[in-house]
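This is what each chain is made of:
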Amino acid sequence: MADQIPKGVQTHIPNVARMYDYYLGGKDNFPADRQAAERALEIAPEIRHGARANRAFLRRTIGLLVSAGIDQFLDLGAGLPTRDNVHQIAAGARIVYVDNDPTVLVHGRAILGKNENVTIVEGDVRRPGEILEHPDVREAIDFDRPVGVLLLAIMHFVPDAHDPPGIVATLRRAMAPGSHLALSHVALDARPEAAEGVVKIYDQASAPLVIRTGREIARLFDGFDLVEPGVVNLPEWRPAPGAAVPYRGAGPYFLGGVGVVSGGG
C-alpha cells in the first residue's frame, strides 16, 4: 500500500482504520499509524487483544445471522478489508460496505474488484439517513426483508453531539421485522485510568475516540430484543466450545451484542 498512495490519503496523520489494521497484524499502515498505535498499546496493551476479539465476534455474529436466514448485510464503518470479511463468511449474500475514509474506500475497491454481491459506498454513519437513501444501498439491500446491520467498533468514534442512540434508532426504523443489529463498542468501566491517555492519542488521529460506560453502550440497543447472552465482553459472547475467555470478571472493557427487530418494528 505504501508504494502507491491513493489520492486523498493522508499518511502523516494517524488513521484509525490503519491503526486497527496494525493491531490486527496487517500491513496496510504507515509510520504515523504504527507510532500512534504503539503509544496506545503502551498505555493499554489489551487493545491488540480487543481488536482480535472484535474480528472473532464478527465471525460468530455473522454465523448466527446466516443461520437465522439473513442473506443481506449493511456493514457501517467497515474499515480496511482483512481476513474473514463479511462477504467471505456469508458467502453468496449481498453485502454493502460503507465507510467515509478515503483509505478504506480506495483500498477496499482495489482488493474486492468486481464482486457482483459486494457494493462499497461512501457514507458517514453520523448521517444514517443519507446512507439508507443512497441509490447503491437501495439497489443492493431490500429493506422490506430482514437485513443484518453491523456497527462493529465504529460507534466509539461518534461523539455524543451526533446522538449515537438517535443514529441507531434511525437504522432500526428502516429494518424489517426479523432484522438483526450487531454492535461492539469499547467500554470505560474496567480500565478508566487508561482511558484518558488513549483518548488523547486518538485526538491526534483521523477520528476522536469516545469510550462510554457499559450502561451507555447497552442503551444503544433500546428498541431491539437482545439475543442471549445480551451485551457482554466480546470473548464472552457465545464463545466456541472449549475456547478460552480472557479477562473473565474484569468488568466491561469491549462490549458486544446482537439485537433483533421484533414484529412491531
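The written sequence of each chain sets the order in which its residues are numbered from 1. In view of the model being predicted, local features appear only for residues whose pLDDT reaches at least 70, and side-chain atom pairs are presented and counted only at 80 or more, with totals across whole chains, interfaces and linings using the full set of residues. Each side-chain value is derived from all of the structure's non-hydrogen atoms; neither hydrogens nor water enter the calculation.

Some thoughts on the nonpolar core
At step 1: Working definition of a nonpolar core: buried Ala, Val, Leu, Ile, Met, Phe, Trp, Tyr and Cys residues. They are joined through side-chain atoms within 4.5 Å. Burial classes follow relative accessibility: with a 1.4 Å probe on protein chains only, a residue under 20% of its type's maximum area counts as buried, one over 50% as exposed, and anything between as partly exposed. Counting residues in each nonpolar core, the largest one holds 83 residues, and the members touching the most others are Tyr23 and Leu151.
At step 2: The element best represented in this core is helix α3 (residues 46-67), accounting for eight residues. Secondary structure elements are defined from DSSP: runs of H or I of at least 4 residues count as helices, runs of E of at least 2 residues count as strands, and each element is numbered from the N terminus.

So, α3
At step 1: A helix is expected to span 1.5 Å multiplied by its residue count minus one. When the terminal C-alpha atoms of α3 are compared, their 31 Å separation across 22 residues agrees well with the 32 Å that a helix rising 1.5 Å per residue should span.
At step 2: Residue Gly69 follows α3 closely and has a positive phi angle near 95 degrees.

Thoughts on the pairing of strand β5 (residues 180-186)
Residues in a regular strand point their side chains to alternate faces of the sheet.
At step 1: For β5, the tally of buried residues reaches seven of seven residues, placing the bulk of the element in the interior.
At step 2: Where burial is concerned, the two faces of β5 agree: the one with His180, Ala182, Ser184 and Val186 and the one with Leu181, Leu183 and His185 are both buried.
At step 3: A clockwise course of the path from the first strand over the helix to the second, judged with the strands pointing away from the viewer, identifies a crossover as right-handed. Handedness of the β-α-β unit built from strand β4 (residues 148-152), helix α8 (residues 164-174) and β5 comes out right-handed.
At step 4: The pairing criterion is simple: DSSP has to find at least two bridges between the two strands. By the bridge criterion, seven bridges tie β5 to strand β8 (residues 254-260) in an arrangement that is antiparallel. The residue bridging Leu183 from the neighbouring strand is Gly257, located in β8.

What about the packing of helix α1 (residues 16-23) against helix α2 (residues 31-43)?
At step 1: To obtain each axis, a line is fitted to C-alpha atoms, and for helices this fit is confined to the stretch in contact; angles are then taken between N-to-C directions over 0 to 180 degrees. Across the interface, α1 lies against α2 with an axial gap of 9 Å and an inter-helix angle of 65 degrees. When you trace α1 past α2, the crossing you get is right-handed. Residue-level contacts link Arg18, Met19, Tyr22 and Tyr23 of α1 to Asp33, Arg34, Ala36, Ala37, Glu38, Ala40 and Leu41 of α2.
At step 2: Classifying every residue of the contact of α1 with α2 gives seven nonpolar, no polar and four charged. A clockwise turn of the near helix away from the far one marks a right-handed crossing, whereas an anticlockwise turn of less than a right angle marks a left-handed crossing. By the convention used here, residues are in contact when the closest approach between their heavy atoms is within 4.5 Å. Each residue gets one of three labels, nonpolar for Ala, Val, Leu, Ile, Met, Phe, Trp, Tyr, Cys and Pro, charged for Asp, Glu, Lys and Arg, and polar for the others, Gly among them.

Quick notes on the environment of Gly69
At step 1: In this fold, Gly69 is placed in the loop between α3 and β1 (72-76).
At step 2: In the structure, Gly69 is positioned 79 residues away from Gly148 in sequence and 9.9 Å away in space, judged by C-alpha atoms.

Here's the deal with the packing of aromatic side chains
At step 1: For Phe, Tyr and Trp, rings pair up if their centres lie within 6.5 Å, where Trp contributes its six-membered ring, and each pair is then called stacked (planes under 30 degrees apart), edge-to-face (over 60) or tilted (otherwise). Counted according to the given criterion, the structure contains two aromatic pairs.
At step 2: Judged by centre distance (5.4 Å) and plane angle (85 degrees), the rings of Phe57 and Trp237 are edge-to-face. Placement of the pair is Phe57 in helix α3 and Trp237 in the loop between β7 (232-233) and β8, with a sequence separation of 180 residues. Both residues of the pair, Phe57 and Trp237, belong to the buried class.
At step 3: Look at Phe157 and Tyr202: their rings are 6.0 Å apart centre to centre, the planes differ by 40 degrees, and that puts the pair in the tilted class.

Thoughts on the packing of α2 against helix α9 (residues 192-203)
At step 1: α9 packs onto α2 with a crossing angle of 175 degrees between their chain directions and a minimal axis gap of 9 Å. Here α9 runs roughly antiparallel to α2, going by the angle between their axes. Where α2 approaches α9, its residues Ala36, Arg39, Ala40 and Ile43 are matched on the opposing element by Ala194, Gly197, Val198 and Ile201.
At step 2: Each residue belonging to the contact of α2 with α9 can be placed in one class, and the counts come to six nonpolar, one polar and one charged. Convention used here: angles under 35 degrees read as roughly parallel, angles over 145 as roughly antiparallel, angles from 65 to 115 as roughly perpendicular, and any remaining angle as oblique.

Some details on the pattern of salt bridges
At step 1: One speaks of a salt bridge when a side-chain nitrogen belonging to Lys or Arg is within 4 Å of a carboxyl oxygen belonging to Asp or Glu. The tally for this structure, following the rule as stated, stands at ten salt bridges.
At step 2: Put simply, Glu46 and Arg191 hold a salt bridge, and the shortest N to O gap is 2.7 Å. Placement of the pair is Glu46 in helix α3 and Arg191 in the loop between β5 and α9, with a sequence separation of 145 residues.
At step 3: The class of Arg191 is partly exposed, set by a relative accessible area of 30%.
At step 4: The partner of Arg145 in a salt bridge is Asp142, and the shortest N-O contact between them spans 3.7 Å.

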